[in-house]
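If you want the building blocks of each chain, they are given just below.
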Amino acid sequence: MDANHKNLPKPVYGESPTYQMAVLQLLSVAEHIHLDQNILERLSKPKRAMIAAVPIRMDDGKTHTFIGYRVQHSLTSGPSKGGLRYHPSVDLGEVAALAMWMTWKCAIMNLPFGGAKGGIACDPDKLSIGEKERLTRRFTEEILPIIGPRMDVPAPDLGTDEQTMAWLMDTYSMSVGYACPEIVTGKPIELGGCVGRREATGRGVVYCIMQALQEIGISPANATAVVQGFGNVGSVTCQELALRGVKIVAVGDRYGAIANAAGIDVPALLKHVGDGKLLKEFPGAREIDPDDLLTISCTVLVPAALERQITETNAGKLKCRILAEAANGPTTPEADEILKATDLFIIPDVLCNAGGVTVSYFEWVQDMQQFFWDEAQVNQKLEQLMLKAFHQVRSLAKEKKIPMRLAAMSLGVQKVAKEKKRRGLYP
Ligand code: NAD
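Residues numbered from 1 in each chain as written. Predicted model: local features only at pLDDT ≥ 70, side-chain atom pairs only at ≥ 80, totals over all residues. Heavy atoms only, no water.

**Some points on the site of the ligand**
The cut-off we apply is this: Put simply, a residue is near a molecule or strand once any heavy atom of it comes within 4 Å of that molecule or strand. Polar contact is defined as a pair of N or O atoms within 3.5 Å, subject to the rule that within protein one atom must be able to donate a hydrogen and the other to accept it, and that residues adjacent in sequence are counted only when both atoms are side-chain atoms. All accessibility values rest on the Shrake-Rupley procedure with a 1.4 Å probe; residue burial counts only the protein chains present in the view. Numbered from the N terminus, helices here are DSSP runs of H or I no shorter than four residues, and strands are runs of E no shorter than two. Note on residue classes: Ala, Val, Leu, Ile, Met, Phe, Trp, Tyr, Cys and Pro are nonpolar, Asp, Glu, Lys and Arg are charged, and everything else, Gly too, is polar.
Lining the immediate environment of the ligand, one finds 21 residues, of which Asp157, Gly159, Thr201, Ala305 and Asn328 sit closest. Interatomic distance of 3.3 Å between a side-chain N/O atom of Arg197 and an oxygen atom of the ligand. Asn328 is positioned such that a nitrogen or oxygen atom in its side chain is 2.8 Å from an oxygen atom of the ligand. Taking 830 Å² as the accessible area of the ligand by itself, protein coverage stands at 84%. Listing elements by their share of the shell around the ligand, those giving two or more residues are helix H6 (197-216) and helix H7 (232-243). Classifying every residue of the shell around the ligand by side-chain character gives 8 nonpolar, 8 polar and 5 charged.

Dropping the structure here:
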């Protein structure tokens, strides 16, 4: 296999461009680090996948069958870990790609996990709370045989939250016959959740951005940011940037985008959205065309929504100094090629958004031990691990004169490859 498109394996995972993107990235890393072909053969295919029909009774009395997926890319380093996504575009290929990225992310952060991901093709905004609960519980029931605190531990992702994790935890606990908080992370604090987990991904993104700003010699007070996505990750990123003096000049979500060159009042926007109003109707900014959001001039651009947002069409038009990939897979390989020729400081997704899985790891450890930490401890350990990983990736990128993404993925792939080699091939 090589990085040539024509030689991509015929995917079991469909023609999903996101899966093709993840495999292409792996192939170019493999070429760069001269990865053993036998190990590449194993790493390029997820370990296990399940597709489940998830029938539920809708509020109108009709039955609707949703399709859900759980993919475990690697179980080499420990239980697999990864979010559960509710979004209309979810398919097997997308979930497989996200699972593969989780493997590299856990390895870069030196966490004892492999990568997994799950998802249900649905529009969570169109489901009632009761429908969401029935969907989550039935899906959990379907994937019961392949999840477990030492096998595969889900967490929230796009379209899911701590309530989703509470239903998952309860359904699993009812099945095994005892309360089992360690089956999921990102759950409510009162069920064994970890303080600071909800904010962890956004905080980790901002720790990385601060390092990058320092390196390019711009103080936070002189920096501006544009953020795509105002959900968990995007909103916390905005809050943490604003706290450090960075001016948020534009924000977007799936319904629209807004801008204010003088800076958006983030607490006021949070309240506005929290009150159930549309982001685009926020009175403290003007509405803009969402297609223009990513190309607004700013110091830091933060895609924090979906994958494949920066493509060959808009990559050449970016007007930022730092691209902080809070979302998973926001930049296509074609866009990456264009960006390589620029002096853009890219903080790749597998590093940039790793704060979430890092605090998920803390949560899992605390649940296993039934011994809980305070928020200061959580944040201090998160910052310590994020900075260590950031500087490892940065040093490698500088030493080998390679892009940050290649450096990050090389570290991740190499770690898993070493473990695979040591464990050998069974039988
Ligand atoms: P979320 O559901 O809380 O928020 C998603 C946001 O993206 C919402 O504001 C939504 O309106 C917006 N959005 C959806 N479609 C859009 C579109 N077409 N254009 C613009 N905005 C759009 O999800 P989240 O947990 O914040 O996750 C966001 C991204 O971060 C995802 O890529 C996810 O995989 C990644 N991520 C999340 C975590 C986590 O801990 N939640 C951890 C690591 C990575």
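**Some thoughts on the layout of surface pockets**
Applied cut-off: Throughout, the protein atoms alone are placed on a 1 Å grid, and a set of points is a cavity if a 1.4 Å probe fits but cannot get out or a pocket if it is open with protein on both sides within 12 Å along at least five of seven lines; lining residues have an atom within 4 Å of a point. Grid points are joined across faces, edges and corners, and a volume is the space filled by probe spheres set on the points.
Its volume calculated, the second largest pocket comes out at about 680 Å³. The wall of the second largest pocket is formed by 28 residues, among which Asp336, Lys340, Pro403, Arg405 and Leu406 lie closest to the centre. Those elements giving two or more residues to the lining of the second largest pocket turn out to be helix H1 (17-33), H6, helix H9 (333-340), strand E12 (345-347), helix H12 (375-400) and helix H13 (404-423). Tallying contributions element by element places H9 first for the lining of the second largest pocket, with 6 residues. A per-class count over the lining of the second largest pocket returns 15 nonpolar, 4 polar and 9 charged.

**Observations concerning the domain arrangement of the protein**
Note the threshold: Domain ranges listed in this record stem from an automatic or a database domain assignment. Working rule for contacts: check all heavy atoms of both residues, and any pair within 4.5 Å makes them a contact. Note on definitions: salt bridges are taken to be side-chain nitrogens of Lys or Arg within 4 Å of carboxyl oxygens of Asp or Glu.
In terms of domain boundaries, the protein breaks down into domain 1 (46-178) and domain 2 (199-352). Put simply, the middle of domain 1 and the middle of domain 2, counted by C-alpha atoms, are 27 Å apart. Between domain 1 and domain 2, the contact holds 13 residues from the first and 10 residues from the second. For the pair domain 1 and domain 2, the interface holds 3 salt bridges. Between Arg85 and Glu307 there is a salt bridge, with the nearest N and O atoms lying 2.9 Å from each other. Run the count over domain 1 and domain 2 and you get 5 residue pairs in polar contact (both at pLDDT 80 or more). Looking at the side of domain 1 that touches domain 2, the elements that each hand over two or more residues are strand E3 (80-87) and helix H3 (92-108). Looking at the side of domain 1 that touches domain 2 element by element, the count peaks at 6 residues for H3. Class assignment of the residues belonging to the side of domain 1 that touches domain 2 gives a composition of 5 nonpolar, 1 polar and 7 charged.

**Looking at the pairing of strand E8 (residues 256-259)**
Basically, it comes down to this: For the exposure calls, accessible area comes from a 1.4 Å probe over protein chains only, and a residue counts as buried if that area is under 20% of its type's maximum, exposed if over 50%, partly exposed in between. In short, DSSP must find at least two bridges between two strands for them to pair.
What you see with E8 is no split at all: Gly256 and Ile258 on one side and Ala257 and Ala259 on the other are buried throughout. Here strand E7 (residues 247-253) runs beside E8; their pairing, made up of 4 bridges, is antiparallel. Residue pairing in the sheet places Ala250 in a bridge with Ala259 of E8. As defined by bridge partners, E8 adjoins strand E9 (residues 286-288) across 3 bridges and the pair is classed as antiparallel. Along E9, the bridge assignment pairs Ile258 with Glu287.

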